[in-house]
Amino acid sequence: MICYYDTLESPIGTIYLAATEEGLVYCSTPKEAEERLLDWVAKHLPGYVCQRGANPFIVEAKEQLMDYFAGRRSELNVPLKLIGTPFQQRVWQALTTIPYGQTSTYGEIARQVGCPQGPRAVGQANNRNPIALFVP
């Protein structure tokens, strides 16, 4: 199994992208380096070989991000493969339902995922979000 990765030079700096045959799994901000991406893949995708290059999900992600930064797109909708605990996956899925230009509190998301006493847990899940631009 192969996890492809590539970079995109953007107005906010270098963005690192990774994807498997199932969808985009990683999108890091410029403050994170290639080594961190490789470490993340090794930890979260055991058995995968990480190879520089593009697959269809990375190609689509790059096109959508370029359009987004150019102001031609407000929604990013590349197929995602969310990798995390079941709770993290529920939080990240809930985050994708927040409409463009709107915000939601951790408390609102906690209630949405059935954990009304868990705003701090939602914050931690958000902090561990590996697909930052695609899962806001």
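An account of the accompanying structure is given in this report. Note that the structure is predicted; figures quoted are calculated from it, not measured. (Residues numbered from 1 in each chain as written. Predicted model: local features only at pLDDT ≥ 70, side-chain atom pairs only at ≥ 80, totals over all residues. Heavy atoms only, no water.)

This brings us to the overall build of the protein chain. Looking only at helices and strands, the protein chain has five helices and four strands in total. Secondary structure of the protein chain in N-to-C order comes out as β-β-β-α-β-α-α-α-α. Computed over its C-alpha atoms, the radius of gyration of the protein chain comes to 15 Å, within 12% of the 14 Å expected for a compact globule of 136 residues. Across its three principal directions, the C-alpha atoms of the protein chain cover 40 × 40 × 25 Å. Burial status across the protein chain gives 40% buried among its 136 residues. In the protein chain, 57% of the contacts between residues at least 6 apart in sequence involve partners at least 24 apart. With the model as given, the accessible surface of the protein chain reaches about 7600 Å², and the carbon-plus-sulfur share is 51%. Of the charged side chains in the protein chain, 12 are positive and 13 negative, and the gap between their average positions amounts to 9 Å. (Helix = DSSP H or I, 4+ residues; strand = E, 2+ residues; numbered from the N terminus. Rg over C-alpha atoms; globule rule 2.2 N^0.38 Å. Buried < 20%, exposed > 50% of the residue type's maximum accessible area, 1.4 Å probe, protein only. Contact = heavy atoms within 4.5 Å. Areas by Shrake-Rupley, 256 points an atom, 1.4 Å probe, with all protein chains shown as cover. Lys, Arg positive; Asp, Glu negative; His and termini not counted. Charge placed at Lys NZ, Arg CZ, Asp CG, Glu CD.)

Where helix α3 (residues 86-95) contacts helix α5 (residues 119-127), the axes come no closer than 9 Å and their chain directions differ by 85°. Of the possible angle classes, the one that applies to α3 and α5 is roughly perpendicular. When α3 is examined against α5, the residues Phe87, Gln88, Val91, Trp92 and Leu95 are found in contact with a partner set consisting of Ala121, Val122, Ala125 and Asn126. A breakdown of the residues in the contact of α3 with α5 according to their chemical character gives seven nonpolar, two polar and no charged. (Axes fitted to C-alpha atoms, helices over the stretch in contact; angles between N-to-C directions. Parallel < 35°, antiparallel > 145°, perpendicular 65-115°, else oblique. Nonpolar A, V, L, I, M, F, W, Y, C, P; charged D, E, K, R; others polar.)

Our next topic: the nonpolar core. Core analysis: the largest hydrophobic core is formed by 26 residues, its most contacted members being Leu17, Leu24, Val91, Ile109 and Phe134. Listed by contribution, the elements that provide at least two residues to this core are β2 (13-20), β3 (23-28), α2 (56-69), α3, α4 (106-112) and α5. With near-sequence residues (within four places) excluded, Ile109 lies in contact with Val91, Ala94, Leu95, Ile98, Ser104 and Val122. By size, the runner-up hydrophobic cluster in this structure holds twelve residues, among which are Cys3, Leu37, Trp40 and Val41. (Core = buried A, V, L, I, M, F, W, Y, C linked by side-chain atoms within 4.5 Å.)

Moving on, we come to α2. Within an α-helix, residues lying three or four positions from one another point in the same direction, as the helix has 3.6 residues per turn. End to end, α2 covers 20 Å across 14 residues, agreeing with the expected 20 Å (1.5 Å per residue, within 8%). What α2 keeps buried is the set Phe57, Ile58, Ala61, Lys62, Gln64 and Leu65. Considering only its buried residues, α2 is in contact with β1 (2-10), β2 and β3. Measuring from the backbone nitrogen of Phe57 back to the side-chain oxygen at the start of α2 gives 3.0 Å, which picks out Asn55 as the cap. Looking one or two places after α2, you find Gly71, whose phi comes out positive at around 85°. (Expected span 1.5 Å × (residues − 1). Polar contact = N/O pair within 3.5 Å; in protein donor to acceptor, adjacent residues only side chain to side chain.)

Among all positions in helix α1 (residues 34-44), only Leu37, Trp40 and Val41 are buried. Buried positions in α1, seen along its axis, are confined to an arc of 95° and lie on one side of it. Residues of α1 that are exposed and angled more than 90 degrees away from the buried face: Glu35, Arg36, Ala42 and Lys43. The inward-facing, buried residues of α1 abut β1, β2, β3 and β4 (49-52). (Arc of directions from axis to C-beta.)

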